[in-house]
Number of protein chains: 2
Amino acid sequence: MGPEASGVVTSERLIYRFEEGSAGQRRLLGGKGANLAEMTRIGLPVPPGFTITTEACIAYYRLGRKFPEGLAEAIEGQLRALEQKTGKRFGDPELPLLVSVRSGAAVSMPGMMDTILNLGLNDQTVKGLARSTGDARFAYDCYRRFIQMFGDVVLGIPVQRFEAILEERRRAEGVEHDHQVSADGTRRVARAYQDLVARESGRPFPEDPTEQLMMAVRAVFESWNNQRAIVYRQIHKIPADLGTAVNVQAMVFGNMGPDSGTGVLFTRNPATGEKALYGEYLTNAQGEDVVAGIRTPRPIALLSQEMPEVYRELERVSDLLERHYRDIQDIEFTVERGRLYVLQTRAGKRTAQAAVKVAVELAGEGIISRETAVGRVQPEQITKFLHRNVDPEARLNVVATGLPASPGAATGQVVFDADTAEALGNTGHRVILVRPETTPDDIHGIVAAQGILTSRGGMTCHAAIVARGMGKPCVVGCEALRIDLAAREFRVGETVVRQGDVVSIDGGTGQVILGEVPLIDPQLTGEFQTLLAWADHIRRLGVRANADTPEDARKAREFGAEGIGLCRTEHMFMAPDRVPVVQAMILAETAEERRAALDRLLPMQQGDFVEILRAMAGLPVTIRLLDPPLHEFLPNVEELVEELGQLRERLREARAAAGTVRAEDVAGLEQEIRTREKVLRRARALAEFNPMLGHRGCRVGIAYPEIYEMQCRAIFQAAAQLVTEGVDVRPEIMIPLVGIAGELELLRDMVLRVAEDVRSETGVEVPVVVGTMIEVPRACVTADAIAAHAEFFSFGTNDLTQTTFGFSRDDAEAKFLHHYLHRKILRENPFATLDSDGVGALMRMAVEKGRAARPGLKIGICGEHGGDPESIAFCHEAGLDYVSCSPFRVPVARLAAAQAALGRRRDDTV
Amino acid sequence: MGPEASGVVTSERLIYRFEEGSAGQRRLLGGKGANLAEMTRIGLPVPPGFTITTEACIAYYRLGRKFPEGLAEAIEGQLRALEQKTGKRFGDPELPLLVSVRSGAAVSMPGMMDTILNLGLNDQTVKGLARSTGDARFAYDCYRRFIQMFGDVVLGIPVQRFEAILEERRRAEGVEHDHQVSADGTRRVARAYQDLVARESGRPFPEDPTEQLMMAVRAVFESWNNQRAIVYRQIHKIPADLGTAVNVQAMVFGNMGPDSGTGVLFTRNPATGEKALYGEYLTNAQGEDVVAGIRTPRPIALLSQEMPEVYRELERVSDLLERHYRDIQDIEFTVERGRLYVLQTRAGKRTAQAAVKVAVELAGEGIISRETAVGRVQPEQITKFLHRNVDPEARLNVVATGLPASPGAATGQVVFDADTAEALGNTGHRVILVRPETTPDDIHGIVAAQGILTSRGGMTCHAAIVARGMGKPCVVGCEALRIDLAAREFRVGETVVRQGDVVSIDGGTGQVILGEVPLIDPQLTGEFQTLLAWADHIRRLGVRANADTPEDARKAREFGAEGIGLCRTEHMFMAPDRVPVVQAMILAETAEERRAALDRLLPMQQGDFVEILRAMAGLPVTIRLLDPPLHEFLPNVEELVEELGQLRERLREARAAAGTVRAEDVAGLEQEIRTREKVLRRARALAEFNPMLGHRGCRVGIAYPEIYEMQCRAIFQAAAQLVTEGVDVRPEIMIPLVGIAGELELLRDMVLRVAEDVRSETGVEVPVVVGTMIEVPRACVTADAIAAHAEFFSFGTNDLTQTTFGFSRDDAEAKFLHHYLHRKILRENPFATLDSDGVGALMRMAVEKGRAARPGLKIGICGEHGGDPESIAFCHEAGLDYVSCSPFRVPVARLAAAQAALGRRRDDTV
């Protein structure tokens, strides 16, 4: 029961000395206090101090903003203990004890009062400080800073008033910087500050150090309920009744002479992960001097010569802290007259490379478990390992920054259309394809380009998705670019970039860089492979890849995919040499004509499947039958209309010039017009109001069974051929867009019939597995009925998200999704991270109903979400069997799946 | 436990005499046997007989197709009893007992063996029959028919072989019809049939009547498992283990002289419902003669003179049967030598008018309850009452038949475009608008026309929906029509109909009729009003109307609507005088410009709301804020492109003729081109890939809050004005397309803010109710979160069906839905009848979650399904509070809602 329920303070102790607490008492001592206590507890040289508990703060508010009984006395008692420990005395004009006062809630909370340093200074003790340091300027500078901090945070006097006094002093002395003000000038400033405080607060600046301390503690308590803190808590849903602790700690000084100093260090190299102290220090200096850039700090290694004792002690402390906190540490220290003090330690920020190396090596050293190591690396970080990157040493001429849509860096000549990209690409040139946005018509250009750059689109626009699928660098939504397709140039600010000019893009940062930049190759280090192997050992979810070509299949296998979860067959229809045959199939007016065209496609598809199944020998390959609407394979209606207009104009001209133009040419033109008219008629007949919800997926297979029959025949003939060669093939046939059990029942019968035909023709036994995509809400709701005909489910969460929300992805991202994210109606773009409340609830329903009807039903996901760590965690919790994602995200998924199994949230990792 | 479980026959009795059974024993005795038993039981003169039970049939199969022990003996015992009862003897050459043998399963099942008549005839008994009837030709005709039926159904000899013999005989005698063959010829045919049977079956035709009977019974048992019966059971999901009963009944003959006869009658007039015997009869004739058309039957009333005793007996029987079966009966009877026999009775088919009158009168007579009366009328039937209809007496020149999309009949001049329809309509002409299909652009033509006729489209195409909404006759999908819009004519067969020619359409039958036809006005009879009043008393569901105009609102109220469930505000934007203002609003480049245009729309919208709220004083009016995407209010892109091309051409010409064209005209053209270019740019910017899933509904309200704010202000100002006048207003604000709780939260705050502004400006208190449509699956799944911000839910099942299935309605109905219905993947078009398994499951979830979060949450439906009886039954079961449908379907919904409350399925009604 908390104090808010009982109405009394439950803990008898309002104060803990550092040596009495521990890291586990975060709630009572706040994060900072618990951490100081922990370091003290394990024997590190931490300046002594004590923590006033959060419960004291809670009691303060319960009592109507009054100190609970005994708190003032307890603080004074602790001060006496601190005096004993330090040999200094609070208010002693010779060797004064100075303290810092800091707030410290259980949850880090910007907006609250932070720090008051040097508390304990007054007109007497400042002289003692000047004497003991031998530096009057320093002592008065400490004093004036203390008065300013105190005036600001305790008394609420605007900082600008203090600044004005200091500025006047600088002007009076004719100097530019604060530290150039003379010792005497600094004393004058301190005096002026005191006057300011007296004037503004209506009473003199408190000279009594104990009174200073009591006022500071009260100010920390009050800051718990200042406006900024309240708003922050509301936004981050932090309970308002936690309260804050107050830490009071003896000051130490690194600027007490040549045997003093201060510095920061990492226990290992945060860039490479190498195991060696890494950092810098300054002698006779205070903490802020190291970062102020006035003196140049020295590499930490030199400290071993300058202060060998201290350096050895630092090595010991680093090792101790790393072992204690089980991670690379970022440490601040101060040396006061030869004595080392640790002021702070925290987990060190690091590069992806260092994160992996450190995690694996810490596990190797027995400091952390392999599970912990796997949890230490953010899945997104490791995409860096898989792509060429810009040399971090290079100087870059960055002209714009867009969205980092697909990681990796690329350099090439700018081109503005897919055909040119292909033409140049095929002749060995490196090109960057620049478009306002891309469409499926640009695929050949994307394939040929080194990288893609668009001025429109979000993280899930066409270019972004396709590029990620291909592992190709891509920057999208770079709105600073004004592209003029007709002029074949883009402008950005004053710069004009024309076709053929060289640019570079960094898909990991979104940067667009003029000219060529040095690239470094990806390094699949041993530690990287080790970490993923450990992840594989931990995870329960299988990881497959979405791959449509033998090259993709091989790449996927190399990255550790355990099969193909989605092999789209429509891309096989899109190949330039096949499009005419596909169009003939679509233009067929009878089932017989259509079959004739399909007979020509059959050997082509069969060849595709042979290579893909061979590449994935021994692993399952889930092949999805044709999904897009047929009109996607025909030219655009508007283009056809324009083309026809031109042809008719040419015909008119040819007829007008009948004397000089041959009759055959006229007849040829007439024939061509008739052909295009037929294509136009068909394209118009197939056009749809909402293609996403139109005649596609299994609806095509039901209306034109001969198309699916051909595809199944191609699959089974390919499989039979490989079985004959001794290859272990595991095709799985996946029916798209099923929403009604009857659809699947009908098509499954068709698959089995074709399989049986091929079996009896070839005499070869091929395993037959039929399943379905689950990508419309009705499939989730009726999953029990559908499972009766399905050996597996695979969630197509792209379409399921579209239909569950009633969002067309293309339209939503272009038109209104930004309003939703901006106004926080949605926390994330649901096409990037699975919407667990809505789409996820339907998925859980499908899993439950599907497995109830068919125990052991295999269930996977093959939408874009299959490569997103947060979505993978959801899939793990929902009980899926596998995720499938683009080959380049397979390592990410392996790691994320392992973290999901460990129950870690991304937030907990470094 | 059934026999299939225990392995033994559970009933000890294999046979029931008619007088031993009753109507309740349908499962044991089959439908026919139970009915014969029931009539016998209540004392009607039914020819005696007995029923071999379905369990005997089940046992037959269990025993490997053998008669169960004792069956043969039991049959013989029953024959003896029958002989006693009739005074005739089986096989007696003087006065032979003849029987009919009929199958009779519990469920009526075409495809099974039906009937063998005259069993018991052989070479001896036929002579006795000839003697006793005095008609040798008749006796031998009975004999040859018996041999043929027996040969066909018992011995499996093809009917064609028998037909060939008869045909040869006709040729030999030089006659055309069977009944013209001489007595001797008929005997020869019978002999030839016997020879045929002996030849085909390898044994002589069985002369022993008992053997004939046993063989016939076995044949009935066998027919339970013939191919046609098995297929029928599979299609209709009838269990295969029910078995069939066999009915054996003494033959009676209506052709035994002038004191014999046969006839059919209805207990009341099936056309008008008038209470008087209605039917016809023939003396000295057999049943088939009445319908054969060779002799003209006489009206039943004449029988009272010809056979007064028999007529009185018939009156008694009719009254008895009607009271017993509690419904109008269709009775077959035979008089044998002055004695009346009832052979069959069943519920009489009747017109809509008769159905209503009979139901109300039967209730008035105390024969049925009011609840039963309400259950007796098919909701669809009563639409006939609400529209003008073709005079049923008229002779019609029907040239084609399409789908009956909206009931009622209309006559007018044919026109082929909406503008002409409007022009003629406004000058007092009656027109029929003929189009391949209609679009929202045709609305003004539909409004002006008497009726709509299209060559394309299904029952839920645009024309059908709009016409039903307006209660206007409509025939769609009339594919026989070849429409030539350019020539302004349509052809159907050889007929050419040109603009201005008069045609009529009957939207209740789908007929297209040349010329004018006499129409009769709808008759809202007293019985009709009475029945609906009873229905209102029974139903639990409220019934509201979808109405966008004051006229619709008044019509809805007249038809009994209890409020408006959906008032669409976009139709108010479509009015010709408002479109320019709406377009100015859309073309606005800043929120200020947009507000200026909205300020001009505000008073117009306010005026609409004043009239609608006034018309529905005292009743709730649910007003949906703007739903369609903004591009729907701009001209079509293709049309704009064409128009711009023409304008530019004109500008070129004007410039070329610079000398003769005034500079102002050139400048005017340039200005117009700039304006159209701006519209085109905006239209292109707003264009979407999938408008159904695009920037519409509340997404528009979130992106452009000023639009929704204007609408709310118009509503509250209208309401305040009426409150001041003392009118009781109950507006309810409905937010469309909500899928995320945050959307509703945001917009609800906006509504409350505007309401408060208006309240403080006017000082008038107006009730504020805010709710949402539930029309995307995510809204159902997260209904608990949404209910926190909603005072009511209204299911938009049109869109919910689209998103749940992933079907675009327009595309599905045009492209693939027919495949689904044809292949029985779907039982019904889910846009016409609610898909209870899928969409319905989501609705149930929404109801449950919504009410769990907010007990008492009001829930309705306002999609097209709200007027469909089967869907209304679902809404009742799912616990909705009301349905809302087009005004003309309100009476249908009232009746259907009552039937739902009675727990009746449509199949149970007459």
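What you see is a predicted model; the values in this text were computed from it and never measured. (Residues numbered from 1 in each chain as written. Chains lettered and ligands numbered in written order. Predicted model: local features only at pLDDT ≥ 70, side-chain atom pairs only at ≥ 80, totals over all residues. Heavy atoms only, no water.)

Attention shifts here to the overall build of chain A. Of the regular secondary structure elements, chain A holds 36 helices and 31 strands. Seen through its C-alpha atoms, chain A measures out along the principal axes to roughly 115 × 70 × 55 Å. Among the 910 residues that make up chain A, the fraction classed as buried is 55%. Contacts in chain A between residues at least 24 apart in sequence constitute 68% of all its contacts with a sequence separation of at least 6. Carbon together with sulfur atoms contributes 49% to the accessible area of chain A, which is approximately 37400 Å² in total. Here chain A contributes 107 positively and 125 negatively charged side chains, and the mean placements of these two sets differ by 3 Å. (Helix = DSSP H or I, 4+ residues; strand = E, 2+ residues; numbered from the N terminus. Buried < 20%, exposed > 50% of the residue type's maximum accessible area, 1.4 Å probe, protein only. Contact = heavy atoms within 4.5 Å. Areas by Shrake-Rupley, 256 points an atom, 1.4 Å probe, with all protein chains shown as cover. Lys, Arg positive; Asp, Glu negative; His and termini not counted. Charge placed at Lys NZ, Arg CZ, Asp CG, Glu CD.)

Residue and element names in this part refer to chain A. It is the contact of helix α4 (residues 71-86) with helix α9 (residues 209-223), at a shortest axis distance of 11 Å, that shows an interaxial angle of 120°. Between α4 and α9, the crossing angle belongs to the class labelled oblique. Helix-helix and strand crossings are classified by hand; for α4 and α9 the assignment is right-handed. Of the residues in α9, those touching α4 at Leu71, Ala72, Ile75, Glu76 and Leu79 are Thr210, Leu213, Met214, Val217 and Phe221. (Axes fitted to C-alpha atoms, helices over the stretch in contact; angles between N-to-C directions. Parallel < 35°, antiparallel > 145°, perpendicular 65-115°, else oblique. Left-handed = near helix turned anticlockwise from the far one by under 90°.)

Residues and elements named next belong to chain A. One ladder, built from four bridges, connects strand β19 (residues 489-492) with strand β20 (residues 495-498); its direction is antiparallel. Within β20, the position partnered with Val492 by the bridge is Thr495. The loop that links β19 with its antiparallel partner β20 comprises two residues; one of these, Gly493, has a positive phi angle of about 60°. (Pairing = 2+ DSSP bridges.)

What follows is about helix α10 (residues 227-236) of chain A. Capping the start of α10(A) is the job of one residue whose side-chain oxygen sits 3.2 Å from the backbone nitrogen of Arg228(A): Asn226(A). Within two residues after α10(A), Lys237(A) carries a phi angle of roughly 50°, on the positive side. (Polar contact = N/O pair within 3.5 Å; in protein donor to acceptor, adjacent residues only side chain to side chain.)

Bring the parts together and some accessible area is lost; that lost area is often taken as the interface size. Chain A puts 45 residues into the contact, and the matching count from chain B is 45 residues. Of the roughly 4200 Å² buried between chain A and chain B on both sides combined, carbon and sulfur atoms contribute 62%. Of all residues in chain A, Leu693(A), Arg778(A) and Lys815(A) bury the most surface against chain B, accounting for 15% of the area lost on that side. Remark: the boundary between chain A and chain B carries two salt bridges. Residue Arg778(A) pairs with Asp835(B) through a salt bridge whose shortest N-O separation is 2.7 Å. Where chain A meets chain B, there are 24 residue pairs in polar contact (both at pLDDT 80 or more). Those elements giving two or more residues to the side of chain A that touches chain B turn out to be α25 (663-686), α26 (698-703), α28 (741-762), α29 (777-781), α31 (797-805), α32 (809-815), α33 (817-822) and α34 (839-853) of chain A. For the side of chain A that touches chain B, the class distribution of residues is 24 nonpolar, 11 polar and 10 charged. (Buried area = accessible area lost by both parts, 1.4 Å probe. Salt bridge = Lys/Arg side-chain N within 4 Å of Asp/Glu carboxyl O. Nonpolar A, V, L, I, M, F, W, Y, C, P; charged D, E, K, R; others polar.)

Before going further, it helps to spend a moment on the state of the cysteines. All names here are of chain B. This structure, assessed with the given rule, holds zero disulfides over all chains. You can see Cys780 has no disulfide; the closest cysteine sulfur is in Cys875, sitting 12 Å from it. Taking relative accessible area as the criterion, Cys780 reaches 0% and is therefore assigned buried. (Disulfide = S-S within 2.5 Å.)

Moving on to the environment of Ala561(A). Residues and elements named next belong to chain A. Secondary-structure assignment places Ala561 in the loop between α20 (550-558) and β25 (564-568). Taking the C-alpha atoms as reference, Ala561 lies 9.5 Å from Ala893; in sequence the two are 332 residues apart. Contacts of Ala561, omitting those with residues within four sequence positions, involve Val543, Arg544, Ala545, Ala556, Leu619 and Val890.

What follows is about helix α36 (residues 890-901) of chain A. Owing to its 3.6 residues per turn, the α-helix brings residues three or four apart onto one side. All names here are of chain A. Between its first and last C-alpha atoms α36 spans 16 Å; for 12 residues at 1.5 Å apiece the expected length is 16 Å, and the two agree. Within α36, 11 of the 12 residues are buried, which leaves it mostly tucked inside the rest of the structure. Regarding α36, the residues found buried are Val890, Pro891, Val892, Ala893, Arg894, Leu895, Ala896, Ala897, Ala898, Gln899 and Ala900. Of the surrounding secondary structure, the elements contacted by the buried residues of α36 are α15 (370-375), α19 (526-538), β24 (542-546), α35 (869-877) and β31 (882-885). Among the residues trailing α36, Gly903 stands out with phi positive, at a value near 75°. (Expected span 1.5 Å × (residues − 1).)

Expressed as a screw operation, the relation of chain A to chain B combines 0.3 Å of axial shift with a rotation of 178°, fitting to an RMSD of 0.5 Å. Overall, the copies show the geometry of a two-fold rotation axis. A high fraction, 100%, of the interface residues of chain A reappear at the interface in chain B, so the copies pair face to face through one surface. (Least-squares fit on C-alpha atoms with pLDDT ≥ 70 in both.)

When we look at a pair of aromatic rings, we describe it by the centre distance and by the angle of the planes. Residues and elements named next belong to chain A. A full pass over the atoms with the stated rule returns 34 aromatic pairs over all chains. Through a chain of ring-to-ring contacts, three or more aromatic side chains come together here, namely Tyr60, Tyr61, Phe67 and Phe221. When the ring centre of Tyr140 is taken as reference, the NZ or CZ atom of Arg187 above it lies at 5.3 Å. (Phe/Tyr/Trp six-rings, centres within 6.5 Å; stacked < 30°, edge-to-face > 60°. Lys NZ or Arg CZ within 6 Å of the ring centre and 35° of its normal.)

Our focus in this paragraph is the environment of Arg456(B). Assignment of secondary structure puts Arg456(B) in the loop between β16 (451-454) and α18 (462-470). A polar side-chain atom of Arg456(B) sits 3.1 Å from a polar atom in the side chain of Glu437(B).

All names here are of chain B. Here Val246 is to be found in strand β5 (residues 244-250). Val246 sits 99 residues away from Thr345 along the chain, and the two C-alpha atoms are 19 Å apart. Not counting chain neighbours up to four residues away, the residues in contact with Val246 comprise Phe50, Thr51, Ile52, Val101, Arg102, Val217, Val220 and Phe221.

A few words now on the sheet that holds strand β18 (residues 482-484) of chain B. Across a sheet, strands are paired by hydrogen bonds formed along the backbone, either parallel or antiparallel in direction. Residues and elements named next belong to chain B. Taken in spatial order, the three strands make up an open sheet running β18-β19-β20, and their pairing is antiparallel. Every interior strand has two partners, whereas the edge strands, β18 and β20 (495-498), have only one. Going from strand to strand, the sheet's axes swing by 20° on average, the running direction of each strand aside.

Phe795(A) and Phe795(B) are the most contacted members of the largest nonpolar core, which has 300 residues in total. If near-sequence neighbours (up to four positions away) are discounted, Phe795(B) is found in contact with Ile774(B), Cys780(B), Leu800(B), Met843(B), Ala846(B), Val847(B), Ile859(B), Gly860(B), Ile861(B), Cys862(B), Gly863(B) and Leu880(B). (Core = buried A, V, L, I, M, F, W, Y, C linked by side-chain atoms within 4.5 Å.)

To continue, consider the pattern of salt bridges. Taken as a whole and judged by the stated rule, the model has 140 salt bridges over all chains. With a shortest N-O distance of 3.5 Å, Glu527(B) and Lys357(B) are connected by a salt bridge. With Glu527(B) in helix α19 (residues 526-538) and Lys357(B) in helix α14 (residues 352-364), this residue pair connects regions lying 170 residues apart in the sequence. Several salt bridges converge on common partners, so that one network encompasses Arg268(A), Lys275(A), Glu322(A), Lys357(A), Glu361(A), Glu365(A) and Glu527(A).

Glancing now at unusual backbone geometry. Glycine aside, residues mostly have negative phi angles, and peptide bonds mostly take the trans form. Non-glycine residue Leu737(A) carries a positive phi angle of around 60°. Relative to the elements of secondary structure, Leu737(A) occurs in strand β27 (residues 730-738). Its identity is not glycine, yet Asn118(B) carries a phi of approximately 65°, on the positive side. Its location among the elements puts Asn118(B) in strand β4 (residues 115-119). Residue class for Asn118(B) comes out buried when judged on its relative accessible area of 4%.

A few words on the confidence of the model for chain A. Residue and element names in this part refer to chain A. Looking at chain A, pLDDT values average 90 and 96% of them are 70 or higher. Within the model, pLDDT remains below 50 along residues 1-11, and this stretch shows 14 contacts once partners closer than five positions in the same chain are excluded. Ignoring residues within four places in sequence, the model shows residues 905-910, a span with pLDDT below 50, making 13 contacts including any to other chains. (pLDDT = per-residue confidence, 0-100.)

A separate point is the sheet that holds strand β27 (residues 730-735) of chain B. Residue and element names in this part refer to chain B. Strand order in the closed barrel formed by eight strands is β24-β25-β26-β27-β28-β29-β30-β31, and the pairing between neighbours is parallel. Mean inter-strand twist for the sheet, computed between neighbouring axes without regard to direction, equals 30°. Both strand β29 (residues 792-795) and strand β30 (residues 858-861) contribute to a ladder of four bridges, which runs parallel. Following the sheet pairing, Phe793 is matched in β30 by Ile859.

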